[in-house]
2 protein chains.
Amino acid sequence: MSTIKEVAKRAGVSVGTVSKVINNIEVKPKTKQAVELAIKELNYQPNVYARGLKVSRTNTVALILPTVWHPFFGELAYNIEKNLRQHEYKMILCNSEGDYLTELSYLTMAKQNQVDGIIAITYSDIEHYVSSNIPLISIDRFFNDEVPYVSSDNFLGGQLAAKHLDEAGCQSLCFIGAGSKKENTTRNRKKGFIDYCEKYQKTYEIFDLIGSQSEFHEKMEQFLLEKIIKEHSIDGIFAVTDAYALEVINFLEKHQISIPDDVQIIGFDGVKSSKHDQIEISTIRQPIEEIAKESVAAIIHLINKETIEKEILLPVHFIQGNTTKRQKDS
Amino acid sequence: MSTIKEVAKRAGVSVGTVSKVINNIEVKPKTKQAVELAIKELNYQPNVYARGLKVSRTNTVALILPTVWHPFFGELAYNIEKNLRQHEYKMILCNSEGDYLTELSYLTMAKQNQVDGIIAITYSDIEHYVSSNIPLISIDRFFNDEVPYVSSDNFLGGQLAAKHLDEAGCQSLCFIGAGSKKENTTRNRKKGFIDYCEKYQKTYEIFDLIGSQSEFHEKMEQFLLEKIIKEHSIDGIFAVTDAYALEVINFLEKHQISIPDDVQIIGFDGVKSSKHDQIEISTIRQPIEEIAKESVAAIIHLINKETIEKEILLPVHFIQGNTTKRQKDS
DNA sequence: TTGTACGCGTTATCAT
DNA sequence: ATGATAACGCGTACAA
């Protein structure tokens, strides 16, 4: 690999001049030509480490998430990388697997100057570690007033879900979710749901269990058995994620409950496992492209030391699937 | 961020000594202690760019693939990153979207010294570009004798599929695939299938169309209609990927063909869209963890200028799903 | 065993 | 407009 010195020698100019040409600083057209020729001839590529050392900028951003092997995170990672690329940034992918120590090691790496900024989606309590001065954007999680975050408007999503169930003719609604110990913004889905029900005087139930995955499953089936199979006292369900919606659907189908005739269901997320997939269940879709776009825009602003909003809330939309009745007017 | 100089001053030694401590070169225990204390106190992190400039090693590998937003690539990317991390390497993720120019731009980046090596899964003809001297491992695609590649043993997979259909009682088999213009190793799936059939004198048909996606779909349905619905002359299908298997399944179900009673189906890939998914169709599973592991091992060997095998073929396995009949003895 | 000094390739400042 | 050169932080050969 040739260096700037060699280019300078070949073009018959000094290194300073070559540097100017590379960085688009004005030089005499003729010298510029000569330099560019030399660059081409030598197939010269600036060494990013030398440059990085000088300007301490790497044009690299780290993306920390639990695992890219997941439809939602996969789509998100794809879009974030795409946006970063458009801004001429590279992306280092970090699968934390939800592990605290792994996340910390990535943060350390970041501090070592390897990246200009971090976009993180984490549910660990890394709060006091993020206090450092490296640009950081959180997705889906509020840390503190120092860390800007980007998220779907989960509250609105909850309202929307309730509204659609209501308008689709459901009489008594139900929210199903697994309350996480970790504080994240998905809690607002429940709040939005309740808000709508209260405002429009809909009867509703809440099933929100904090506990292990298996325990949850069992308790949920018990609950559904009671309320739906026996009492028939619920005809509209809002599940806090599509995954839970799927569980509910499987259970109900096993018990010969017809969807959406007897019970209607709305999930949340609207992820597809690849670009060409189709969504089948009715759901509130998170605007993943938007989340990616806004996160990238935000981190770049931060890197450039520009001020940005501390909270970026993105609108969600209802997607008609086959688990709710179709309406003429909406 | 503090520098090596500051550490040296605080520890009362020279920078050379600090450097030695960092790089585990022997120093007097006492000085070592003093230096380590200073490092801790100042929260010193070596600047990777200065180091990179010096040793031209970045401990970073680029992964180029079509898109991480896809179950197979997602799982692969996850595992590759995981393995790289274990070797203290970072991974830059590059979604090429199958675009030639994008792939080239990533290769250029790599040549700029930003990464120590590249793992690529690409179907473009970047052959003459890869001739450069940067370490490169190809997955699933043979370029030339210079570029080592890692792949599933697709030939074996084809054989396995035919064998399982045979042993499950199928009388006349069928291969379904879309021949790509691009040369890749998946062609060997067909060859393996044929090999088994010829060897054991099974009757078989081949549907292998080169053409557009939509055209393929139409022609395939026509073919299935003819052979299965009308003639009943096929009772075992090996689809070249799970995606195609799914298409076949959907079509047959629409026409009231019972699976696996009337027709048995085996796919290929065995991907799950996330760690906790379940596989439902019978399939030949690619050993994704192994592919990841071997690719990483190979690229690191290459970076260390050690010689490696030019071809690494990994065994595949049959996974019992609900689209083939269960057998007692296998 | 430890310290000194040079060089890696680039950018930026200051002369020219 | 261009050239010379210091500085970025580190590793290492060589000197002490």
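Residues numbered from 1 in each chain as written. Chains lettered and ligands numbered in written order. Predicted model: local features only at pLDDT ≥ 70, side-chain atom pairs only at ≥ 80, totals over all residues. Heavy atoms only, no water.

1. A look at the protein's contact with DNA strand D
Move 1: Neighbouring DNA strand D are 23 residues; Thr17 and Lys28 of chain A together with Ile4, Tyr44 and Arg51 of chain B lie closest to it.
Move 2: Here the atoms of DNA strand D within 4 Å of the protein split so that 66% fall in sugar or phosphate, with bases taking the remainder.
Move 3: At a separation of 3.1 Å, a phosphate oxygen of DNA strand D approaches a polar side-chain atom of threonine 31 of chain A.
Move 4: Between a phosphate oxygen of DNA strand D and a main-chain N or O atom of isoleucine 4 of chain B, the distance comes to 2.5 Å. (Near = heavy atom within 4 Å. Polar contact = N/O pair within 3.5 Å; in protein donor to acceptor, adjacent residues only side chain to side chain.)

2. Here we look at the pattern of salt bridges
Move 1: Inspection of the entire model under this criterion finds 24 salt bridges over all chains.
Move 2: Between glutamate 75 of chain A and arginine 285 of chain A there is a salt bridge, with the nearest N and O atoms lying 2.8 Å from each other. Pair noted here: glutamate 75 of chain A is in helix H5 (residues 71-86) and arginine 285 of chain A is in strand E10 (residues 283-285), with a separation of 210 residues, a long-range link. Here glutamate 75 of chain A matches arginine 285 of chain A in class, with each residue buried.
Move 3: One salt bridge connects glutamate 81 of chain B with arginine 85 of chain B, and the closest N-O pair in it is separated by 3.2 Å. Of this pair, glutamate 81 of chain B and arginine 85 of chain B are both found in helix H5 (residues 71-86), four residues apart, which corresponds to roughly one turn of the helix.
Move 4: Judged by its relative accessible area of 1%, glutamate 81 of chain B falls in the buried class. (Salt bridge = Lys/Arg side-chain N within 4 Å of Asp/Glu carboxyl O. Helix = DSSP H or I, 4+ residues; strand = E, 2+ residues; numbered from the N terminus. Buried < 20%, exposed > 50% of the residue type's maximum accessible area, 1.4 Å probe, protein only.)

3. Details of the protein's contact with DNA strand C
Move 1: As a matter of local geometry, DNA strand C sits amid 25 residues, with Ile4, Tyr44 and Lys54 of chain A together with Thr17 and Lys28 of chain B nearest to it.
Move 2: Sugar and phosphate atoms form 66% of the subset of DNA strand C atoms that lie within 4 Å of the protein.
Move 3: Here a base oxygen of DNA strand C and a side-chain polar atom of lysine 54 of chain A are 3.4 Å apart.
Move 4: Elements that contribute at least two residues to the surface near DNA strand C include exactly helix H2 (15-22) and helix H4 (48-55) of chain A together with helix H2 (15-22) and helix H4 (48-55) of chain B.
Move 5: Per-class residue counts for the surface near DNA strand C are nine nonpolar, 11 polar and five charged. (Nonpolar A, V, L, I, M, F, W, Y, C, P; charged D, E, K, R; others polar.)

4. Digging into the relation of the copies chain B and chain A
Move 1: Turning chain B through 180° and shifting it by 0.1 Å along the axis lays it on chain A, with an RMSD of 0.1 Å. Expressed as an axis order, the relation between the two copies is that of a two-fold axis.
Move 2: The residues that chain B uses at the interface reappear at the interface of chain A in 100% of cases, marking a shared surface. (Least-squares fit on C-alpha atoms with pLDDT ≥ 70 in both. Contact = heavy atoms within 4.5 Å.)

5. Structural notes on the UniProt feature "domain: HTH lacI-type" (unreviewed entry) in chain A
Move 1: In the UniProt entry, the feature "domain: HTH lacI-type" (unreviewed entry) is given for residues 2-55 of chain A.
Move 2: Secondary structure across residues 2-55 of chain A divides into 70% helix and 0% strand, with the first and last C-alpha atoms of the span separated by 21 Å. (UniProt positions renumbered as here; feature names shortened; annotations may be inferred.)

6. Examining the nonpolar core
Move 1: The biggest cluster of nonpolar side chains holds 63 residues, and the ones touching the most others in it are Leu76, Ile80 and Ile119 of chain A together with Leu76, Ile80 and Ile119 of chain B.
Move 2: In terms of residues, this core owes the most to one element, helix H11 (residues 288-303) of chain B, which gives nine residues. (Core = buried A, V, L, I, M, F, W, Y, C linked by side-chain atoms within 4.5 Å.)

7. Quick word on helix H7 (residues 154-167) of chain A
Residues and elements named next belong to chain A.
Move 1: With 14 residues, H7 ought to run about 20 Å at 1.5 Å a step, and its terminal C-alpha atoms sit 20 Å apart, in line with that.
Move 2: When we look at burial in H7, the residues that qualify are Asn154, Gly157, Gly158, Gln159, Leu160, Ala161, Ala162, His164 and Leu165.
Move 3: Two residues or fewer after H7 comes glycine 169, characterised by a positive phi angle close to 100°. (Expected span 1.5 Å × (residues − 1).)

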